[in-house]
Amino acid sequence: MFLSANMAANINASHYFVREIDKNDGCTLKLKQCYMGDVGCVVWDAAIVLAKYLETKQFYEPSSGVNVWADRRVLELGAGTGAVGLMAAALGAQVTVTDLEDLQTLLRLNIQENQTLIKSGSITAKVLKWGEDVSEYLPPPHYILMADCIYYEQSIVPLVESLKLLSGPETCIICCYEQRTEGVNPKVESQFFKLLQQHFVCEEIPADKQDPEFNCPDIHILHIRRKV
Ligand SMILES: C[S@@+](CC[C@H](N)C(=O)[O-])C[C@H]1O[C@@H](n2cnc3c(N)ncnc32)[C@H](O)[C@@H]1O
C-alpha cells in the first residue's frame, strides 16, 4: 500500500501541483496532480462535482445519524488522482480506486497524503483496465463511481462490459460526466448511452439534489442500475 522510496522519488515536488477539495466538516482533501502525463493525472471538474455530491445530505448527515457510505463497498473506475474515491473513504466507505497501471503511483501517493482523513473507511488502489477480468472486484460492490470516463471512442464497449460484469441487482453506479460539444465527444456520449441502455436504466439527478455550490449545467450526475 505505501510507496517505496523509489516510487516517491519519481513524483517529486517539481512534478506536481495540488488541488484542494474542502469537505463540509472543515477538513480538506489534497490531491497531487502531475504537470505532465495522460488525462488521469489531473482532477477533472466532474470529479469535484461527484465528490461533493457524495457529501450531500441524502447520503451523509451525521447530525441525523445518516451515513449511506458507512461500511459500503465502493469501487471507482478510471479514478485518475483518486479524488472521488478518497471522498467516499473519508465518509466511511470501504473503497477500491482503480485505473490503468500508469496511474497507480499517483493514486497511492494521494492515498498516503490523505490517510489522516480516513477514519472508519478504507481505500486501496488497484489496476483495472476496462473490459478485462474483474473477478477480484466481486461480489458486486454496493456502489460504482465514475467521473469523466466517457470520452474515448475505443473504450466505450469495454467500459460498458466492465459495468455489466461488476454490477449486481443491488449495485448503484453513480456516473458524473461533462457534456462536451466539440469534436467526437457528442458521438462518443451517444454511443455510450445507447449501449448502456440496453442493459441499464439511467436516472438523472437534478441540480437541487447536488451540492449547492459545486454543480454546473454541463456536468451531469446519473444513477444507473441494471435492468431487472
Ligand atoms: C478524464 S480522466 C478522469 C479521471 C478522474 N476520474 C477525474 O474525473 O478526475 C479518465 C480516466 O479514465 C482512465 N481510463 C481510460 N481508459 C481506461 C481503460 N481502458 N481502463 C481503465 N481506465 C481507463 C484514465 O486513465 C483516466 O484516469
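Bear in mind the structure is a predicted one, so any value in this text is a computation, not a measurement. (Residues numbered from 1 in each chain as written. Predicted model: local features only at pLDDT ≥ 70, side-chain atom pairs only at ≥ 80, totals over all residues. Heavy atoms only, no water.)

## Here's the deal with helix α2 (residues 45-54)
Burial of α2 is extensive: nine of the ten residues sit out of reach of the surface. Listing the buried residues of α2 in full gives Ala46, Ala47, Ile48, Val49, Leu50, Ala51, Lys52, Tyr53 and Leu54. Tucked into the core, α2 has its buried residues touching β1 (16-22), β3 (60-61), α3 (83-90), β8 (143-147), β9 (172-178) and β11 (219-226). (Buried < 20%, exposed > 50% of the residue type's maximum accessible area, 1.4 Å probe, protein only. Helix = DSSP H or I, 4+ residues; strand = E, 2+ residues; numbered from the N terminus. Contact = heavy atoms within 4.5 Å.)

## Thoughts on the site of the ligand
Around the ligand, 18 residues are found, and the nearest of them are Trp44, Gly78, Asp99, Trp130 and Ala147. Between the ligand and glycine 78 there is a distance of 2.7 Å, counted from a nitrogen atom to a backbone nitrogen or oxygen. Contact distances for the ligand include 2.8 Å between a nitrogen atom and a backbone N or O atom of alanine 147. When the ligand is considered free in solution it has 590 Å² of accessible area, and contact with the protein chains removes 94% of it. Among the cavities detected, the one that contains the ligand is the largest pocket. Taken together, the residues that form the shell around the ligand break down as twelve nonpolar, three polar and three charged. (Near = heavy atom within 4 Å. Polar contact = N/O pair within 3.5 Å; in protein donor to acceptor, adjacent residues only side chain to side chain. Areas by Shrake-Rupley, 256 points an atom, 1.4 Å probe, with all protein chains shown as cover. 1 Å grid on protein atoms, 1.4 Å probe; cavity = no way out; pocket = protein on both sides within 12 Å on 5 of 7 lines; lining within 4 Å. Sits in = over half its atoms within 2 Å of the grid points. Nonpolar A, V, L, I, M, F, W, Y, C, P; charged D, E, K, R; others polar.)

## Focus: the nonpolar core
Side chains of nonpolar character tend, in soluble globular proteins, to be buried together. Ranked by internal contacts, the top residues of the largest apolar core, which has 42 residues, are Leu50, Leu54, Trp69 and Ile174. Sort the elements by how many residues they give to this core and α2 lands first, with eight residues. Look past the residues within four positions of isoleucine 174 in its chain and what remains in contact with it is Leu50, Tyr53, Leu54, Phe59, Trp69, Tyr143, Ile144, Leu145, Met146, Ile221, Leu222 and His223. (Core = buried A, V, L, I, M, F, W, Y, C linked by side-chain atoms within 4.5 Å.)

## Describing the pairing of β9
For β9, a buried count of six out of seven residues is recorded, marking the element as mostly surrounded by other parts of the structure. Examined bridge by bridge, β8 and β9 share five bridges and lie parallel to one another. The partner of methionine 146 across the bridge, within β9, is cysteine 175. In this region the chain leaves β8, passes through helix α5 (residues 156-166) and returns to the parallel neighbour β9; the handedness of that crossover is right-handed. In this sheet, β11 lies alongside β9 in antiparallel orientation, the contact comprising six bridges. Bridge pairing in β11 links cysteine 175 to leucine 222. (Pairing = 2+ DSSP bridges. Right-handed = clockwise from strand over helix to strand, strands pointing away.)

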